[in-house]
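Each chain is listed here by its residues.
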Amino acid sequence: MPETDDLATLNSLDDAAVASILEDRYSRRRIYTRVNSMLISINPYEELGLYSTAVLDEYCRVGNGGPPPPPHAFAVAAEAFSGLLSSQSQSVLVTGESGAGKTETCRRLLQYLAHAANRGGAADTRALHEALSQTSCV
C-alpha cells in the first residue's frame, strides 16, 4: 500500500485500501489522515505528545513557505483561523461515535485558535483570544 497523508490522492479509494492505510498509519502513531479537506482521526486513547507549544507554533507557521506539516487537528484550526482573519465565517464539524474523541478534538481546535490569536498581539486577535477562552465544547 502506498504511503500517503491524503487518501484523496489514491487511485482506488475502496474500503480495503482505506482500512489498510489507516491501520498502517495508526501503528506508526500517525492518528491523523486527510481526505482532501476532511480530516480522519483515530483515537489512540493515550497521550502521544502531539499538542505541545512547539507543535502549536509549527502549525502557526503554515503558509510561510516550506513543506506543509502532517495532517493534524491544528491544521484544520489553522485554516479556520486564516479564514476568520479574512473576515470569512468558518465552521468545523467534528463527528464520531461515543468515546471517539470528539470533545478532545474540539478542545484541541480551541487550543490552537486561542494560541494563534494570542500570538497576533493585535487588538482584533486579543478579542478573539478572549472570546475563545470563554467557549466550551458541547
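Structure first, text after, so check above.
Residues numbered from 1 in each chain as written. Predicted model: local features only at pLDDT ≥ 70, side-chain atom pairs only at ≥ 80, totals over all residues. Heavy atoms only, no water.

(A) Structural detail: the packing of helix α2 (residues 53-60) against helix α3 (residues 73-85). Remark: α2 packs on α3, axes separated minimally by 9 Å, with the N-to-C direction vectors making an angle of 45°. Between α2 and α3, the crossing angle belongs to the class labelled oblique. Crossing geometry of α2 relative to α3 is assigned as right-handed. Facing α2, whose interface residues are V55, L56 and Y59, α3 presents F74, A75 and A78. (Axes fitted to C-alpha atoms, helices over the stretch in contact; angles between N-to-C directions. Helix = DSSP H or I, 4+ residues; strand = E, 2+ residues; numbered from the N terminus. Parallel < 35°, antiparallel > 145°, perpendicular 65-115°, else oblique. Left-handed = near helix turned anticlockwise from the far one by under 90°. Contact = heavy atoms within 4.5 Å.)

(B) Region of the structure containing the nonpolar core. Membership of the largest hydrophobic core comes to 20 residues, with the highest contact counts inside it found for Y59, F74, F81, Y112 and L113. Those elements that place two or more of their residues in this core are α2, α3 and α4 (102-120). Sequence-distant contacts of F74, defined by excluding residues within four places in its chain, comprise L50, Y51, V55, L56, Y59, R108, Q111 and Y112. L7, L10, L22 and V35 belong to the second largest nonpolar core, which has six residues in total. (Core = buried A, V, L, I, M, F, W, Y, C linked by side-chain atoms within 4.5 Å. Buried < 20%, exposed > 50% of the residue type's maximum accessible area, 1.4 Å probe, protein only.)

(C) Representation of the packing of aromatic side chains in the model. Counted under the stated rule, the structure contains three aromatic pairs. Measuring from centroid to centroid gives 5.9 Å for F74 and Y112, while their planes differ by 35°, and the two rings are tilted. Of this pair, F74 sits in helix α3 while Y112 sits in helix α4; the two residues are 38 residues apart in sequence, bridging distant segments of the chain. We note that F74, like Y112, is buried. Three or more aromatic residues joined by ring pairs form one cluster here, namely Y51, Y59, F74 and Y112. (Phe/Tyr/Trp six-rings, centres within 6.5 Å; stacked < 30°, edge-to-face > 60°.)

(D) Focus on the pairing of strand β1 (residues 32-35). Pairing geometry for β1 and strand β2 (residues 38-41), over four bridges, is antiparallel. Note that in β2 the partner of R34 across the bridge is L39. As consecutive antiparallel partners, β1 and β2 are separated by two residues, and within that stretch N36 has a phi angle of approximately 60°, a positive value. (Pairing = 2+ DSSP bridges.)

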